Amino acid sequence: MPEWNQWKTIIEPFKIKCVEPLGFTTRAERERVLREAGYNLFNVPADKILIDLLTDSGTSAMSAEQWAGVMRGDESYAGARSFFALERAVRELTGLREIIPVHQGRAAERILFTILGGKGRTVLSNSHFDTTRANVEFSGAQALDLPVPCAWRFEKAEPFKGDMDVVALEAKIQEKGASNIPLVVMTVTNNSLGGQPVSMRNLREASEVCRHYKIPLFLDCARFAENAYLIKRRESGYATRSVREIAREMFSYADGCMMSAKKDAFVNIGGFLALNDRELARKCRELLIIGEGFLTYGGLAGRDLEAMAIGLREILDEEYLHYRIRSIEYLAEGLRRCGVPIVEPPGGHGVYVDAKMFFPHIPPERYPGHALVCELYLTGGIRSCEIGSLMFGRRTNGVFEPARMELTRLAMPRRVYTQSHVDYVIEVFGDIASRAGSVRGLRLLEASEYLSHFTAKLAVEA
Ligand code: F0G
């Protein structure tokens, strides 16, 4: 008899103790809601959503153990027991010494780039996520992405499309001058380009280059466990290593990390900065007190710190990670059957549809990725998120510069949806695929300068 994880059926490795109703709506209601929301799904009330794949961030179901931790949380202003629990969990995982809690990932980014950024500086990354880029640019610095070239060939299944182009990294350091590069950031997994993992080999090589030029290397480690599990599955030499050991090795190449714990720590809010450089940590803590809170809570309640500490250990459960990655593959298999072009192979936290290929009749300035977002909502009450020209396109002095990709991300909340929810999503895609040519693009009516996709207003093309 096969072991449980060798059967074809993907079983969720948990029982459900607490449930929430889904938001059922009619087509007419969704049409009205979408119009009133300015065709921006961020403006749609969550109770009008049936299946919410907007993000895997802060949307996880916490475990019974985490909820028990919430009750145990120490709410002392200073020196809370829950802080020390978090500090231990992060040190144990990363081996880094200075642990600074923050309320979420972008707070860590803001603190770090306020200190290290500024005019004339350049931050290099395999790919900056949108908030990371915004925080780098808001400081006056430049954010440059150096993904491996195959990351752009969405249809091609390569095991480590999250890797950084290490040759380009060294060339860029020489071009800009090492003293103008305060930091290199490796985003694991690479969220902007399909949730693709970074290989251990690439982390090692990037760290060698950084060490040579004396530039600190930080991991943006929101999804470190998914990355570690994909290394175990795909990189030779790691099949028999535990995911914890693999994660430890990943962190061993870094001088620090910033984490949005809303992903791979299963919490609804939380994050941290961890590093070895004591002087840099001192400056970070100064900003922490100004903007977030005292050193031992950083904008969080004690209960949040406690839940985060527990989540950081739970995420390394290999039975969970097996289910997680298999369930994402299952969605990808269903979409392929419907003829929907996706970023291959599917990533760690979701499936990314290549909307440029799916809707070749919609030009980038009419946002094909966002057209699919709207169509998924209208057809099936499904919420997803564009990663394309609405998120990353530039609109300077009326001139439109498209992003290089037009993707629609179906991000899977952790431990929230079951296989039948996923079957439903696949069925909705089948319907859209059968009439893809008739889906219309959108015009942008209003957008702010930074992170414009959150607040943009659009209208359906006439
Ligand atoms: N880094 C990465 C790789 C992320 O994916 C995110 C957030 C952040 C940093 C910022 O963290 O939201 O806690 O402030 N990603 C979410 C997403 C928003 O939907 O992918 P945060």
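Because the structure is a prediction, the values reported are computed rather than measured.

Basis of the calculations
- Residues numbered from 1 in each chain as written.
- Predicted model: local features only at pLDDT ≥ 70, side-chain atom pairs only at ≥ 80, totals over all residues.
- Heavy atoms only, no water.
- Disulfide = S-S within 2.5 Å.
- Near = heavy atom within 4 Å.
- Polar contact = N/O pair within 3.5 Å; in protein donor to acceptor, adjacent residues only side chain to side chain.
- Areas by Shrake-Rupley, 256 points an atom, 1.4 Å probe, with all protein chains shown as cover.
- Helix = DSSP H or I, 4+ residues; strand = E, 2+ residues; numbered from the N terminus.
- Nonpolar A, V, L, I, M, F, W, Y, C, P; charged D, E, K, R; others polar.
- Contact = heavy atoms within 4.5 Å.
- Domains from an automatic or database assignment.
- Buried area = accessible area lost by both parts, 1.4 Å probe.
- Salt bridge = Lys/Arg side-chain N within 4 Å of Asp/Glu carboxyl O.
- Core = buried A, V, L, I, M, F, W, Y, C linked by side-chain atoms within 4.5 Å.
- Buried < 20%, exposed > 50% of the residue type's maximum accessible area, 1.4 Å probe, protein only.
- Axes fitted to C-alpha atoms, helices over the stretch in contact; angles between N-to-C directions.
- Parallel < 35°, antiparallel > 145°, perpendicular 65-115°, else oblique.
- Left-handed = near helix turned anticlockwise from the far one by under 90°.
- Phe/Tyr/Trp six-rings, centres within 6.5 Å; stacked < 30°, edge-to-face > 60°.
- Lys NZ or Arg CZ within 6 Å of the ring centre and 35° of its normal.

A. Representation of the state of the cysteines. Under the defined criterion, the tally for this structure stands at zero disulfides. Between Cys-257, a cysteine without a disulfide, and Cys-221, which holds the nearest cysteine sulfur, the sulfur-to-sulfur distance is 3.9 Å. Free of any disulfide, Cys-374 has its nearest cysteine sulfur in Cys-385, 12 Å distant.

B. Quick peek at the site of the ligand. Around the ligand, the structure places 16 residues, and the nearest of them are Thr-55, Arg-106, Ser-260, Lys-263 and Arg-409. Within the side chain of Asp-220, an N or O atom sits 2.8 Å from a nitrogen atom of the ligand. Here Arg-409 contributes a side-chain N or O atom positioned 2.7 Å from an oxygen atom of the ligand. In isolation the ligand offers 470 Å² of accessible surface; the protein chains occlude 94% of this area. Per element, the largest residue contribution to the shell around the ligand is three residues, and it comes from helix H4 (residues 105–116). For the shell around the ligand, the per-class residue count stands at one nonpolar, eight polar and seven charged.

C. A look at the environment of Leu-295. Relative to the elements of secondary structure, Leu-295 occurs in the loop between helix H10 (278–291) and helix H11 (302–314). The spatial distance from the C-alpha of Leu-295 to the C-alpha of Ile-100 is 6.8 Å, given a sequence separation of 195 residues. If sequence neighbours within four positions are ignored, Leu-295 has contacts with Phe-83, Pro-101, Arg-285, Leu-288 and Ile-289.

D. Quick peek at the domain arrangement of the protein chain. Considered domain by domain, the protein chain is made up of domain 1 (4–56 + 317–460) and domain 2 (64–314). Look at where the C-alpha atoms of domain 1 and domain 2 centre, and you get two points 25 Å apart. Across the contact, 34 residues belong to domain 1 and 40 residues belong to domain 2. Of the roughly 3100 Å² buried between domain 1 and domain 2 on both sides combined, carbon and sulfur atoms contribute 57%. The tally of links between domain 1 and domain 2 comes to eight salt bridges. Our count for the contact surface shared by domain 1 and domain 2 stands at 20 residue pairs in polar contact (both at pLDDT 80 or more). For the side of domain 1 that touches domain 2, the element with the most residues is helix H12 (residues 318–337), which contributes seven residues. Considered class by class, the residues forming the side of domain 1 that touches domain 2 number 16 nonpolar, five polar and 13 charged.

E. Region of interest: the nonpolar core. Residues Phe-224, Leu-312 and Leu-335 are the most contacted members of the largest nonpolar core, which totals 115 residues. Per-element accounting of this core gives the leading share, nine residues, to H12. Two domains each donate at least three residues to this core, and these are domain 1 (4–56 + 317–460) and domain 2 (64–314). Those residues in contact with Leu-335, other than ones at most four positions away along the chain, are Val-340, Ile-342, Val-351, Val-353, Leu-410, Ile-426 and Phe-429. Core analysis: the next-biggest nonpolar cluster, separate from the first, contains 22 residues, Phe-113, Leu-183, Leu-275 and Ala-281 among them.

F. Region of interest: the packing of helix H14 (residues 368–380) against helix H16 (residues 419–433). Packing of H14 against H16 leaves a shortest axis separation of 10 Å and a crossing angle of 110°. As judged from the angle between their axes, H14 and H16 are roughly perpendicular. The handedness of the crossing between H14 and H16 is right-handed. Touching Leu-372, Glu-375, Leu-376, Thr-379 and Gly-380 of H14 are Tyr-424, Val-428, Phe-429, Asp-431 and Ile-432, all from H16. When the residues that make up the contact of H14 with H16 are grouped by side-chain class, the tally is six nonpolar, two polar and two charged.

G. A look at the packing of aromatic side chains. Under the counting rule described, the total for this entry stands at 11 aromatic pairs. With a centroid separation of 4.8 Å and an interplanar angle of 80°, the aromatic rings of Phe-42 and Phe-454 are classed as edge-to-face. Here Phe-42 is found in the loop between helix H1 (27–36) and strand S1 (51–52), whereas its partner Phe-454 is found in the loop between strand S15 (442–446) and strand S16 (457–460), with 412 residues between them in sequence. With a relative accessible area of 27%, Phe-454 lands in the partly exposed category. Seen from their ring centres, Tyr-367 and Phe-400 are 6.1 Å apart, and the 90° between their planes marks the pair as edge-to-face. With Tyr-367 in the loop between helix H13 (355–358) and H14 and Phe-400 in strand S13 (residues 399–401), this residue pair connects regions lying 33 residues apart in the sequence. A relative accessible area of 2% places Tyr-367 in the buried class. Residue classification places Phe-400 among the partly exposed positions, given a relative accessible area of 26%. Ring-pair connections join several aromatic residues into one group, and the members of that group are Phe-14, Phe-266, Tyr-320 and Tyr-323. In this structure, Arg-404 packs its charged tip against the face of Trp-152, placed 4.0 Å from the ring centre. Positioned above the aromatic ring of Phe-266 is the side chain of Arg-415, whose terminal nitrogen or guanidinium carbon lies 3.5 Å from the ring centre.

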